[in-house]
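Analysis of the macromolecular model
Chain by chain, the residues:
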Amino acid sequence: MAFQCQRDCYMQEFVTSVVACSPAELKQEINGKKEIIKGFNVKLQDTILFPEGGGQPDDHGLIGDVPVLRVTRNGAEAVHFVGSVLEVGREVQLKVDWERRFDHMQQHSGQHLITALADSMFGYKTTSWELGRQRSTIELDTPSLKPAQVEALEAAVNEKIRANIPVTVQLLSLDDPALEKVRSRGLPDDPAGPIRIIDIEGVDANMCCGTHVSNLSHLQVIKLLGTEKGKKNKTNLIFLVGFRVLKYVERSYIPLCSNVQSAFHYRKEGDNEFMSIIANEIATEETLVFLTVGEEKGPGLFLLAGPSQKVVELGPRVLEMLEGKGAGKNGRFQGKVNSMARRGEVEALLLEHCRSEP
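Residues numbered from 1 in each chain as written. Predicted model: local features only at pLDDT ≥ 70, side-chain atom pairs only at ≥ 80, totals over all residues. Heavy atoms only, no water.

By the naming in an unreviewed UniProt entry, the protein chain is Alanyl-transfer RNA synthetases family profile domain-containing protein, taken from Esox lucius. According to the UniProt record, the Subcellular location (unreviewed entry) comment for the protein chain is "Cytoplasm". Per UniProt, the comment on the protein chain under Function (unreviewed entry) is "Functions in trans to edit the amino acid moiety from incorrectly charged tRNA(Ala)." (UniProt positions renumbered as here; feature names shortened; annotations may be inferred.)

Here's what the structure looks like:
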C-alpha cells in the first residue's frame with residue numbers, strides 16, 4: 001500500500017479499492033469520557049489519508065459515504081477504522097477531511113520552521129513536539145527562553161513566511177549519503193520504503209513522514225503564545241499557525257451582545273490566585289472572562305467572571321461540561337474540574353450564548 005500524498009499533500013480525493021475488512025474496536029474519548037466503539041479495520045490498495053505518527057494526528061475523511069474515524073500505521077500499511085463493513089474488492093472514492101488536513105499541514109510546517117530558526121538563531125534544539133487540538137508545543141533543550149528571544153523568533157519566522165519560500169519533498173534511499181546532512185531525531189524501528197525529506201529552501205531539511213504545505217506563504221502567520229517550564233530542565237514553546245491564529249483572536253476577544261465582550265485564557269501552570277489577578281485587571285462588568293489552568297485534557301481549575309446574570313446562568317453549565325465542583329457569587333464562579341478536554345466546547349458555548357441573544 002502506498003501513501004499517495006508523499007509528494008502532493010493537497011490531494012483531496014482519490015479512487016482506490018478495498019483490500020481487507022475485519023471486525024475491530026476503537027477506544028475513543030467522547031465528551032471527556034473513554035468509550036469503546038465497535039467497527040471494522042479496512043486496508044485499501046492505496047490511500048491519501050495520513051496515519052498518525054511523527055507527532056502528527058491522523059487524517060479523517062470518507063470511504064464512499066462511510067466516515068473514517070481513525071487511521072493508524074501497521075508496518076508499511078495504513079489501517080482505516082470505520083463503523084460499517086466494506087466489501088473486499090470494491091472500488092471506492094476516498095475523500096479527505098480537508099479542514100483537518102490543512103490545519104495539520106499548517107501546524108506541522110510551522111513547527112519545522114520554528115524549530116529550524118530556534119536552532120540557527122539561539123542553538124536551541126527541538127527534542128519533541130505535540131500537535132494539539134487547539135495549540136501546539138515544541139520542547140526546546142534549554143532551561144528558559146527570554147521574552148526578547150521569543151519576540152525575535154516570532155519576527156523571524158513571519159519574515160520567512162512573507163518571503164514566499166518553497167517547501168519541497170525529496171525521497172531518498174536508506175543508504176543515500178545525503179541523509180547525513182539532514183536534520184533528524186532518528187528513524188522509527190520499522191522504516192518502510194524511501195526516506196522522506198521536507199526541504200524548506202535555504203532554511204531547513206528534515207526527515208519527516210507528515211503532511212506539509214508547498215510554500216511557507218500558505219502558513220499565513222505564526223503566533224508564539226509564550227513558554228512553559230518543561231520536563232528535565234527544558235522549555236515548552238507554545239505556538240499557533242494560520243487559521244488557528246484567527247480563531248484564537250476571535251475566541252480571545254470578540255464583541256458579543258449589549259456591549260459585552262469576552263476574554264478567554266488558558267495556562268498549564270497556575271492557581272486560583274493567578275486567575276484572580278487576571279480577572280481583576282479586566283473590567284468584568286462589561287467583559288465575560290473564562291480562565292483555566294491545569295492539564296490540557298486532565299484536571300484543573302477555572303474561573304468565570306463577568307455580568308452577574310450571565311455568570312449565574314452559565315456557571316453551572318460550565319461546571320457540568322468540565323465534570324467539576326464549584327460555586328459562585330458576586331459575578332464570579334470558580335471550580336475544580338476533573339477534565340479540561342471540553343474546554344474548547346465551553347468557550348464556544350459562551351460565545352454562542354451571547355450571540356444568540358437579541
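Anyway, onward from the coordinates.
With that settled, the discussion passes to the overall build of the protein chain. If you tally the helices and strands in the protein chain, you get six helices and 20 strands. Per-residue burial for the protein chain yields a buried fraction of 47% across its 358 residues. With an accessible surface of roughly 17900 Å², the protein chain has 49% of that area assigned to carbon and sulfur atoms. (Helix = DSSP H or I, 4+ residues; strand = E, 2+ residues; numbered from the N terminus. Buried < 20%, exposed > 50% of the residue type's maximum accessible area, 1.4 Å probe, protein only. Areas by Shrake-Rupley, 256 points an atom, 1.4 Å probe, with all protein chains shown as cover.)

Attention shifts here to the packing of aromatic side chains. All chains considered together, the criterion is met by eight aromatic pairs. Judged by centre distance (6.2 Å) and plane angle (50°), the rings of F290 and F302 are tilted. Remark: F302 occurs in strand 18 (residues 300-305) and F290 occurs in strand 17 (residues 287-294); sequence separation between them is twelve residues. Each member of the pair, F290 as well as F302, carries the same accessibility label: buried. (Phe/Tyr/Trp six-rings, centres within 6.5 Å; stacked < 30°, edge-to-face > 60°.)

A word on the environment of S17. With respect to the helices and strands, the residue S17 is situated in strand 2 (residues 13-30). Look at S17 and you get partly exposed, because its relative accessible area is 21%. Those residues in contact with S17 that lie beyond four places of it in its chain are K43, L44, Q45, G89, R90, E91 and V92. (Contact = heavy atoms within 4.5 Å.)

A separate point is helix 1 (residues 98-122). In this model helix 1 runs 35 Å from its N-terminal to its C-terminal C-alpha over 25 residues, within 8% of the 36 Å that 1.5 Å per residue would give. With respect to burial, helix 1 is a largely interior element, 18 of its 25 residues being buried. Looking one or two places after helix 1, you find G123, whose phi comes out positive at around 80°. (Expected span 1.5 Å × (residues − 1).)

On to the packing of helix 1 against helix 2 (residues 147-162), then. Closest axis-to-axis distance for the helix 1/helix 2 pair is 10 Å, and the angle between their directions is 125°. One way to sum up the angle between helix 1 and helix 2 is to call them oblique. For the element pair helix 1 and helix 2, the recorded crossing hand is right-handed. Here L113, I114, L117, A118, M121 and F122 of helix 1 lie close against helix 2, whose contacting residues are Q149, A152, L153, A156, V157, K160 and I161. (Axes fitted to C-alpha atoms, helices over the stretch in contact; angles between N-to-C directions. Parallel < 35°, antiparallel > 145°, perpendicular 65-115°, else oblique. Left-handed = near helix turned anticlockwise from the far one by under 90°.)

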